[in-house]
Amino acid sequence: MKKFLKLIFILIIIVFLIGCEDVDTKQITKKKLSDDEKIYKEVDKLMANMSLDEKIGQMFIISYNTTSYDQGLSSIMKTVKPGGFMLLGFNVSNYDGTLKLIKDIKNSNEIPLFITIDEEGGNVERLSKLEEDITHVPYMYDVGLKD
């Protein structure tokens, strides 16, 4: 029985290899490396043109007490050049206003930002302020207790 299973396994491998004969794996590997290399080169070029302050700013995710993109936030975004922005309760007003704030923040920076939100569940549900149908997230304590 073991010899029969080995034979079946070998036949499956042979059929698979014959079916894959026309696939040029070297070409696929070169293309993948080429795409990755382009990305790495772009990042290296961007990093080479950044000051130390700009590199440090990229390590920060900031927040700002506003519901719209104003002059104060614009000044901080230009000065700090953060890597991200965290939405808190005072940033979320309504769907359209929150979406506009996020778009304005993203458009203020040439490097894509991480957009995060303080959304822990339970009493901390920032998105519940929106007029949209939002799924209720339970307290994380309750989630952790479930088997």
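Up top is the structure these notes are about.
(A) Here's a closer look at the overall build of the chain. Of the regular secondary structure elements, the chain holds six helices and three strands. Taken from N to C terminus, the helices and strands of the chain fall in the order α-α-α-β-α-β-α-β-α. A buried classification covers 19% of the 147 residues belonging to the chain. Contacts in the chain between residues far apart in sequence, at least 24 positions, make up 56% of those at least 6 positions apart. Carbon and sulfur atoms make up 61% of the accessible area of the chain, which totals about 11600 Å².

(B) Structural detail: the pattern of salt bridges. With the rule as written, the count across this model stands at two salt bridges. With a shortest N-O distance of 2.6 Å, Glu54 and Lys81 are connected by a salt bridge. Here Glu54, found in helix H3 (residues 52-57), pairs with Lys81, found in the loop between helix H4 (71-80) and strand S2 (84-87); they are 27 residues apart in sequence, far enough to count as distant.

(C) Molecular detail of the sheet that holds strand S3 (residues 114-117). Read across the open sheet, the three strands follow the order S1-S2-S3; overall the sheet is parallel. Edge positions in the open sheet fall to strand S1 (61-62) and S3, since each of these has one partner strand only.

(D) Representation of the layout of surface pockets within the structure. The volume enclosed by the largest pocket comes to roughly 200 Å³. As for the largest pocket, its lining consists of Leu46, Asn49, Met50, Glu54, Gln58, Met77, Lys78, Lys81, Ser108, Asn109, Glu110 and Ile111. In the lining of the largest pocket, the residues fall into four nonpolar, four polar and four charged.

(E) Representation of the side chain of Asn91. Along the polypeptide, Asn91 turns up in the loop between S2 and helix H5 (95-107). In this structure the side chain of Asn91 is engaged in a polar contact, spanning 2.7 Å, whose partner is the backbone oxygen of Thr66. In this structure the side chain of Asn91 is engaged in a polar contact, spanning 2.8 Å, whose partner is the backbone nitrogen of Leu88. Beyond its immediate chain neighbours, meaning those up to four positions away, Asn91 contacts Ser63, Tyr64, Thr66, Thr67, Phe85, Met86, Thr98 and Leu101.

(F) Seen up close, H4. Among the residues making up H4, those that are buried are Leu73, Ser74 and Met77. Within H4, the buried residues cover an arc of 105° as seen down the axis, which keeps them to one side. When the buried face of H4 is taken as reference, the exposed residues oriented beyond 90 degrees from it are Gln71 and Thr79. The inward-facing, buried residues of H4 contact S1, S2 and H5. N-capping of H4 is provided by Asp70, with a side-chain oxygen placed 3.3 Å from the backbone N of Gly72. Immediately downstream of H4, the backbone of Lys81 shows phi near 50°, a positive value.

About the criteria used
Residues numbered from 1 in each chain as written. Predicted model: local features only at pLDDT ≥ 70, side-chain atom pairs only at ≥ 80, totals over all residues. Heavy atoms only, no water. Helix = DSSP H or I, 4+ residues; strand = E, 2+ residues; numbered from the N terminus. Buried < 20%, exposed > 50% of the residue type's maximum accessible area, 1.4 Å probe, protein only. Contact = heavy atoms within 4.5 Å. Areas by Shrake-Rupley, 256 points an atom, 1.4 Å probe, with all protein chains shown as cover. Salt bridge = Lys/Arg side-chain N within 4 Å of Asp/Glu carboxyl O. Pairing = 2+ DSSP bridges. 1 Å grid on protein atoms, 1.4 Å probe; cavity = no way out; pocket = protein on both sides within 12 Å on 5 of 7 lines; lining within 4 Å. Points joined across faces, edges and corners; volume = space filled by probe spheres on them. Nonpolar A, V, L, I, M, F, W, Y, C, P; charged D, E, K, R; others polar. Polar contact = N/O pair within 3.5 Å; in protein donor to acceptor, adjacent residues only side chain to side chain. Arc of directions from axis to C-beta.

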